[in-house]
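Letter by letter, the chains look like this.
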Amino acid sequence: MGEAMTRGHFITFEGIDRSGKSTQAARLAEALGERALLVREPGGTSLSERVREILKDPAIPLTGRAEALLFAAARADLVERVIEPALAAGKIVIADRYVDSSLAYQGAARGLGVEAIARLNEWASGGLTPDRTLLIEIDPRRAAERGNEEHDRFEDEGLAFQQTIAAAYAELAAEHPDRIVRIDGDRAPDDVAADVARIVAELTGEPAGIPA
Ligand code: TYD
């Protein structure tokens, strides 16, 4: 008691649809155990889960701006209620998607402008920036060949859309070389996981077990 808690670490996973990043985020969370908190965007609070349902419902037509604002609203709620308190409690927070997703999908692919979406999210997130972002890169054509069971408004946009997103992510990585680490996702999941574990261990200063 009485000792100031050291702030935790905020790690985000990014990538195009079916890049394998959700699997990697889950494996990392499992490897870190109690110290980790895994969240997925949009989601993680009752409001954000409800917003997720709206966003994923192809029957609800959304304008680009409305879509961007809904993602930002879900994020604002998640940051304030879940992520910030967990970081203050010393947790390693792992987010499956965060602001970079909005920059790539809404800013670049939807054509709303990366700058405008960055300003919106700077405000929505209260300025919370990840300590490290792991960008899982995979050829969009290969991603398209992966499982196709779930369809939502983004996965139905097709190859050109995913290629635009991949290019936007690469540009973001070039702009933020200290934060965003590019990881080749066109490999066996175990090899990708080993890279993830190494990068996280470098960040936290402790060995992170490689999940079996
Ligand atoms: P989800 O099923 O979680 O996809 P994935 O497993 O690929 O993360 O659906 C999220 C979809 O929403 C995904 O296609 C990416 C998109 N998205 C945005 O367009 N903007 C955002 O800010 C976020 C967080 C996600």
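Scope of this entry: the structure provided in the associated data block. In this text, all values refer to a predicted model and were calculated from it rather than measured experimentally. (Residues numbered from 1 in each chain as written. Predicted model: local features only at pLDDT ≥ 70, side-chain atom pairs only at ≥ 80, totals over all residues. Heavy atoms only, no water.)

Section: the packing of aromatic side chains
Put simply, the rule is: When the centres of two rings from Phe, Tyr and Trp lie within 6.5 Å, Trp using its six-membered ring, the rings pair. Their planes under 30 degrees apart give stacked, over 60 give edge-to-face, and anything left gives tilted. Under the scheme used here, helices are H or I runs from DSSP no shorter than 4 residues and strands are E runs no shorter than 2 residues, and both carry numbers assigned from the N terminus. We call a residue buried when its accessible area falls under 20% of the maximum for its residue type, exposed when it is over 50%, and partly exposed in between, using a 1.4 Å probe and counting protein chains only.
Tallied over the full model, the rule gives two aromatic pairs. Seen from their ring centres, Phe10 and Tyr98 are 4.9 Å apart, and the 85° between their planes marks the pair as edge-to-face. One end of the pair, Phe10, is in strand E1 (residues 9-14); the other, Tyr98, is in the loop between strand E3 (92-96) and helix H4 (99-109), and 88 residues separate them in sequence. Grouping residues by exposure puts Phe10 and Tyr98 together as buried.

A look at the pattern of salt bridges
So the rule is basically this: In what follows, salt bridge is the name for a side-chain nitrogen of Lys or Arg lying within 4 Å of a carboxyl oxygen of Asp or Glu.
The tally for this structure, following the rule as stated, stands at 15 salt bridges. In this structure, Glu67 engages Arg110 in a salt bridge whose closest nitrogen and oxygen atoms are separated by 3.1 Å. In this pair, Glu67 is assigned in helix H3 (residues 64-88) and Arg110 in the loop between H4 and helix H5 (114-124), connecting sequence segments 43 residues apart. On the accessibility criterion, Glu67 (1% relative accessible area) is buried. Arg110 gets classed as partly exposed once you look at its relative accessible area, which sits at 27%.

Let's talk about the site of the ligand
The cut-off we apply is this: By convention in this text, a residue qualifies as near a molecule or strand provided that one of its non-hydrogen atoms is within 4 Å of it. The definition of a polar contact used here is a pair of N or O atoms within 3.5 Å, where within protein one atom must be able to donate a hydrogen and the other to accept one, and adjacent residues in sequence count solely through side-chain atom pairs. Working definition of accessibility: Shrake-Rupley area with a 1.4 Å probe, residue cover restricted to the visible protein chains. Residues are grouped as follows: Ala, Val, Leu, Ile, Met, Phe, Trp, Tyr, Cys and Pro are nonpolar; Asp, Glu, Lys and Arg are charged; every other residue, Gly included, is polar.
Close to the ligand lie 15 residues, the nearest being Asp17, Lys56, Arg97, Ser102 and Gln106. A distance of 2.5 Å separates an oxygen atom of the ligand from a polar side-chain atom of Ser102. Protein chains shield 92% of the accessible area of the ligand, which is 540 Å² for the free molecule. If you list the elements that add at least two residues to the shell around the ligand, you get helix H1 (21-32), helix H2 (46-56), H3 and H4. Classifying every residue of the shell around the ligand by side-chain character gives three nonpolar, four polar and eight charged.

Section: the nonpolar core
Keep this limit in mind: Among buried residues, those of type Ala, Val, Leu, Ile, Met, Phe, Trp, Tyr and Cys that are joined through side-chain atoms within 4.5 Å constitute a nonpolar core. Here a residue-residue contact requires only that any non-hydrogen atoms of the pair lie within 4.5 Å.
Ranked by internal contacts, the top residues of the largest apolar core, which has 29 residues, are Phe10, Val39, Ile83, Val93, Leu128, Ile165 and Tyr169. Only H3, E3, H4 and helix H7 (159-175) provide two or more residues apiece to this core. At seven residues, the largest contribution of residues to this core is made by H3. Once residues lying within four places of it in the same chain are set aside, the contact partners of Val93 are His9, Phe10, Ile11, Leu37, Val39, Ile83, Ala86 and Leu87. Counting residues in each nonpolar core, the second largest holds 17 residues, with Leu32, Ala36, Leu134 and Val196 among its members.

Regarding the side chain of Arg179
Structurally, Arg179 can be placed in the loop between H7 and strand E5 (180-184). With relative accessibility at 13%, the residue Arg179 sits in the buried group. A polar contact of 2.7 Å, which involves the side chain of Arg179, links it to the side chain of Asp100.

Here's the deal with H5
One turn of an α-helix holds 3.6 residues; hence residues three or four places apart share an orientation. Stated precisely, the cut-off is as follows: It is the directions from the helix axis to the C-beta atoms whose arc is reported.
Among the residues of H5, Ile117, Asn121 and Ala124 are the ones counted as buried. Summarising the axial view, the buried residues of H5 lie within an arc of 55°, below the 170-degree limit, and thus occupy one face. Of the exposed residues in H5, those oriented more than 90 degrees away from the buried face are Glu115, Arg119, Glu122 and Trp123. Against H3 and H4 lie the buried residues of H5.

Observations regarding the packing of H1 against helix H8 (residues 189-204)
To be explicit about the condition: Between the N-to-C directions of two axes lies an angle of 0 to 180 degrees, each axis being a line fitted to C-alpha atoms and, for a helix, fitted only over the stretch in contact. Geometric relationships in this document are graded by angle, where less than 35 degrees denotes roughly parallel, more than 145 denotes roughly antiparallel, 65 to 115 denotes roughly perpendicular, and other angles denote oblique. Less than a right angle of anticlockwise turn of the near helix away from the far helix marks a crossing as left-handed, whereas a clockwise turn marks it as right-handed.
Where H1 meets H8, the closest approach of the two axes is 10 Å, and the angle between their N-to-C directions is 55°. Between H1 and H8, the crossing angle belongs to the class labelled oblique. The element H1 and its partner H8 pack so that their crossing is right-handed. Between H1, through Gln24, Arg27 and Leu28, and H8, the contact on the second element is made entirely by Pro189, Asp190, Val192, Ala193, Val196 and Val200.

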